[in-house]
Amino acid sequence: MTSDRELGMDRAIQRRDFLNGVLVSGAVAMAPAGLAQAAPSASPYPPAMTGMRGSGYPTANATGHALRDGQFWPHGNPSETADTYDLIVVGGGISGLAAAWFYQKQHNFSKKVLILDNHDDFGGHAKRNEFGAGKSLRISNAGTFNIYGGEHDTGAQADLFRDLGINAPELARDTVDTGFYAKLGMGQSVFFDKETFGRDALLHDPAPWTDFTFLYSPTTPPDAEKRWERFMRDAPLSDGAKKDLYRLYHADTDYLPGLSTSEKIERLTYSSYADYLSGPAQCDPMVATYLRDRTYGSGRGLSSTTALAAHERFGLPGFSGLDLPARKGRHEGAQPYRFPEGNATVARLLVRRLIPGALPGQSVADSMLARVDYSRLDQAGNATRIRLNSTVVKVANEKGGVSVSYTNGGLNGKFLRTRARQCVLACWNYVIPYICPDLPAEQRAALAYNVKTPNLWVNVWMRDWQAWYRAGTCLMNAPGSYFASLLLEPPVSVGGYQHSPSPDQSAVMSMLRGYETPGLPIKDQFRLGRAEMYATTFEEFERNTRDQLGRALGAHGFDPARDIQGITVNRWGHGYSYWYSPLFDDFLKTGAPPPHLLARKPFGAITIANTDSAGNDTTELAISMAARAIGELG
């Protein structure tokens, strides 16, 4: 077993000091010379803060958890503030920021708007991670990954994107070098860990990619048959499992003989892909283990993904002989695009429009290297103000408008109440019954139906990516390992920001962990995954990060003690919005209306905007739901 010292657990890197997951020092651990050393407790610039980030830290969630557990109201009555507003928006994610934008545009940006958010940064799940500074600056998404444009545009999204200067098809054409890694002989690989497969082994993956495909070309290996030849020889799987995998990818076998096309589609709709593999396809159990991580981009494993979704959404094998309709893909007719910082770009550009002077520049390109001036977000002269570290605990209709009570600065911070003519709740559905208890009981129940998917996104700043280059990999599937997917910095360059140009330069890479407990209802799986995520210390995340990278890439020269310069753990306990599945949601079988339609009904001067209210989890829907909520205000 590799020791902590060999892994570099004692090394001074860009991260905060933690003891059992709790910040014990206001200073960043000593970093290599020349690195930014922002103190998390005092820093005015959240994107540069490392260590434990996302939503799982006390200032962000302690008040909400106390409210949930019935332990908040002994705090007494809030202090009344002198400020009043035309609109208060609860939640500073993309839906909340978009709601403020639609409202202000409707009123020529003349109204007084307050946005309250419980985090120390705006953007919700769409946040930015930074490592280093100046020419060595590396940026990455801390959560939500990409947008869609083109034919997928909704009217509201197209309107907002035009105003922000976002043209997804043009950006995809002009700023993504899809063949960058392929020209270096790099592609998809698979890492077999010894605990699951008997020995550690990194092999070139012979199968087509199932995720991130719009960023890389080709995603079906041109030397696939050579890869299959080596895979069949060297993969640490039984001969039976290897033969079953080869058959799934190559044979046009009808595993549902005797059924019509419509009957096959119905069967696949109500069966999990795991059951399809073990049942009709008669595969060795290790086949499902090998394919385990290929659906984790949705936050669900093979046992919680329908066989039809495995075919249509992910392009997984085993369906070519069923004579099904042509696969439409994940977003037919849409143009996916990923900014270097993910959808934090959308949030930052919205802040630029809402608060002049907060983000220098005029274009998408010049925003990449620009820093938001957080001191400008909550100034008295702003038409729109963004008040961070503010957790709303009660929203109530009253004569002439609404009152909003909130804590500022965490559970033991200031307890305040202010008023507005109208309010948009752009937080997630599950908390709304707690902060708006006067809602009708049936609406509260519909809101509580949504249980969000936990999502862990760990960004690692590396001294260089020579080991990746030598291994010939830029995307690593890791079935059985702690992190299921490892992604080297996507080849996207915008404005003055350029992706890492060569293996001897620093780069940022991302590690994703899925949370699955097969056999349980999906919402219970999400709850257990969230509990595990929040119970895991930063030290444990770091140790697993170092151990897995060392084992997967050590033979190619990667030294976790030497090569890791910074780690940011983005925990999203309430990450993706819940989307419905025939495996778990009975109303899809009975024809009853989906819960989100009742959940989002206006209530007096209060409307609801978020992806939850769309019954899905895309940024485009977050924007559309914001436009709907503003329209419902009248």
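For clarity, every value in this text was computed on a predicted model and none was experimentally measured. (Residues numbered from 1 in each chain as written. Predicted model: local features only at pLDDT ≥ 70, side-chain atom pairs only at ≥ 80, totals over all residues. Heavy atoms only, no water.)

Draft legend 1. Region of interest: the sheet that holds strand β3 (residues 51-54). The strand order across the open sheet formed by 8 strands is β3-β20-β16-β19-β18-β17-β9-β10, and the pairing between neighbours is mixed. Here the strands that pair on one side only, and so sit at the sheet edges, are β3 and β10 (201-204). Each strand of the sheet is rotated relative to its neighbour by a mean of 25°, with strand direction disregarded. In this sheet, strand β20 (residues 564-576) lies alongside β3 in parallel orientation, the contact comprising 4 bridges. The partner of R53 across the bridge, within β20, is N570. Helix α8 (residues 224-234) contacts β9 (187-192) and β10 of the sheet and is inclined by roughly 155° relative to β10. Taken strand by strand, helix α20 (residues 538-553) contacts β3, β9, β10, β16 (453-462), β17 (473-477), β18 (485-488), β19 (507-513) and β20, and its axis lies near 115° from that of β20. (Pairing = 2+ DSSP bridges. Helix = DSSP H or I, 4+ residues; strand = E, 2+ residues; numbered from the N terminus. Axes fitted to C-alpha atoms, helices over the stretch in contact; angles between N-to-C directions. Contact = heavy atoms within 4.5 Å.)

Draft legend 2. Spotlight on the packing of helix α3 (residues 94-106) against helix α24 (residues 619-633). At their nearest, the axes of α3 and α24 sit 8 Å apart, and the two run at 45° to each other. By the criterion of interaxial angle, the relationship of α3 to α24 is oblique. Helix-helix and strand crossings are classified by hand; for α3 and α24 the assignment is right-handed. Counting all contacts with α3, which are made through I94, S95, A98, A99, F102, Y103 and Q106, the residues of α24 involved are T619, A622, I623, A626, A627, I630 and L633. Of the residues belonging to the contact of α3 with α24, the class tally is 11 nonpolar, 3 polar and no charged. (Parallel < 35°, antiparallel > 145°, perpendicular 65-115°, else oblique. Left-handed = near helix turned anticlockwise from the far one by under 90°. Nonpolar A, V, L, I, M, F, W, Y, C, P; charged D, E, K, R; others polar.)

Draft legend 3. Looking closely at unusual backbone geometry. Following S217, the chain continues to P218 via a peptide bond in cis, the omega torsion being -5°. With respect to the helices and strands, the residue P218 is situated in the loop between β10 and α8. Not every positive phi belongs to a glycine, and F109 is a case in point at roughly 55°. A residue is classified by how much of its surface remains accessible, and F109, at 36% relative accessible area, is partly exposed. Of note, F212 is a non-glycine position whose phi angle comes to about 60°, a positive value. Within the secondary structure, F212 is located in the loop between β10 and α8. (Buried < 20%, exposed > 50% of the residue type's maximum accessible area, 1.4 Å probe, protein only.)

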